[in-house]
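Analysis of the macromolecular model
Take a look at the letters that make up each chain.
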Amino acid sequence: MLTQTTSRVLEPSDLDAALAVLDREPVTNAFVTSRVQVAGLDPWRLGGEMWGWYEDGMLTSLCYAGANLVPICATPRAVRAFADRARRAGRRCSSIVGPADATALLWRLLEPHWGPAREVRARQPLMVTDRMPDDIAADPYVRRIRKDEMDTIMPACVAMFTEEVGVSPMAGDGGLLYQARVAELVGAGRSFARVDERGRVVFKAEIGAATPKACQVQGVWVAPEYRGRGLAAPGMAAVLRYALADIAPVVSLYVNDFNTTARRTYRKVGFHEVGAFMSVLF
């Protein structure tokens, strides 16, 4: 039994305690919770380590250390412990992302050792809804993408990622990992799009994380030549309809604070702000 404040790498036997921490904030923690519910705490299956912070022998905070570094329910003391562990291990992640306050502190402690970042997005409003909008009709042409339509959806996914993140997901390994992730979402029935008469995607979005309590929309994109035609709000309403009917009772997303057009669209379909994330991109 741990009797003092300490941090350590969690083991598969710590799963129930870790899930209890994640369940304290089911919307905020949906991304990591969805991974843990599928993979447990085995680092090979999880795609990274889960670090735990203990206060008086009780697990109180977590930090997922994989392709992303994600503080979870992390107190300032826990963040300092996680930063020390991350500094000693060296940077292995492509981003730090999580609740804004904890992530900001984590980055302040790591920046002298890991910096500079390629980009810091200090405030990304976290928005949620649990109902369909009253005055926006769902686009009837937005549908689930089929497994045999990977060639249709991939160009739109690559365009969205490159536009949003600033680098192509096809770099490095030729896009193998990114294509596998897109295929995973398509196979799970969590990739949605409107395809025009020429077979081109004009609107798309995915539900990237899903738990029984909450899911998270990601990758919202409208083809440049179709922007300004009013496709985004009905498209989001269609994705929201699928999500609430088939996946989870609460739907969330986070968005860059400078993307006023997207924020206005999300508010139009009923999303409201409940907090903020922060992302540090390398």
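Cut-offs applied
- Residues numbered from 1 in each chain as written.
- Predicted model: local features only at pLDDT ≥ 70, side-chain atom pairs only at ≥ 80, totals over all residues.
- Heavy atoms only, no water.
- Axes fitted to C-alpha atoms, helices over the stretch in contact; angles between N-to-C directions.
- Helix = DSSP H or I, 4+ residues; strand = E, 2+ residues; numbered from the N terminus.
- Parallel < 35°, antiparallel > 145°, perpendicular 65-115°, else oblique.
- Left-handed = near helix turned anticlockwise from the far one by under 90°.
- Contact = heavy atoms within 4.5 Å.
- Nonpolar A, V, L, I, M, F, W, Y, C, P; charged D, E, K, R; others polar.
- Buried < 20%, exposed > 50% of the residue type's maximum accessible area, 1.4 Å probe, protein only.
- Pairing = 2+ DSSP bridges.

Before going further, it helps to examine the packing of helix α4 (residues 76-89) against helix α5 (residues 100-114). Taken N-terminus to C-terminus, the directions of α4 and α5 make an angle of 30°; their axes are 9 Å apart at the nearest point. In this view, α4 runs roughly parallel relative to α5, as classed from their interaxial angle. In this structure, α4 meets α5 at a crossing whose hand is right-handed. Here P76, V79, R80, F82, A83, A86 and R87 of α4 lie close against α5, whose contacting residues are A102, L105, L106, L109, L110, H113 and W114. Looking at the contact of α4 with α5 residue by residue, the classes come out as 11 nonpolar, one polar and two charged.

So, on to unusual backbone geometry. Along the chain, G115 connects to P116 via a cis peptide bond; the corresponding omega equals -5°. Inspection of the secondary structure puts P116 in the loop between α5 and β6 (119-129). A positive phi angle, close to 55°, is found at D56, a residue other than glycine. Along the chain, D56 falls in the loop between β2 (49-55) and β3 (58-65). Its relative accessible area of 63% is what places D56 among the exposed residues. Even without being glycine, C73 reaches a positive phi, approximately 50°. Within the secondary structure layout, C73 lies in the loop between β4 (68-72) and α4. What makes C73 buried here is its relative accessible area of 11%.

This part is about the sheet that holds β6. Sheet strands pair by backbone hydrogen bonding; their relative direction is either parallel or antiparallel. Read from one edge of the open sheet, 12 strands run β1-β2-β3-β4-β5-β12-β6-β11-β10-β9-β8-β7, paired in mixed fashion. Both edges of this open sheet fall to β1 (6-9) and β7 (143-144), since each of them pairs with a single strand only. Seen against the sheet, helix α1 (residues 15-22) touches β3 and β4 and runs at an angle of roughly 85° to β3.

Moving on: the pairing of strand β9 (residues 201-210). By the criterion of burial, β9 is predominantly enclosed, with nine of the 10 residues buried. Of the pairings in the sheet, the one linking strand β8 (residues 191-195) to β9 comprises five bridges and is antiparallel in character. What sits directly across from R194, in β9, is F203. A loop of five residues connects β8 with β9, the two strands running antiparallel in sequence, and G199 in this loop sits at a positive phi of about 80°. When β9 meets strand β10 (residues 215-222), the two strands line up antiparallel, connected through six bridges. Within β10, the position partnered with K204 by the bridge is W221. The loop that links β9 with its antiparallel partner β10 comprises four residues.

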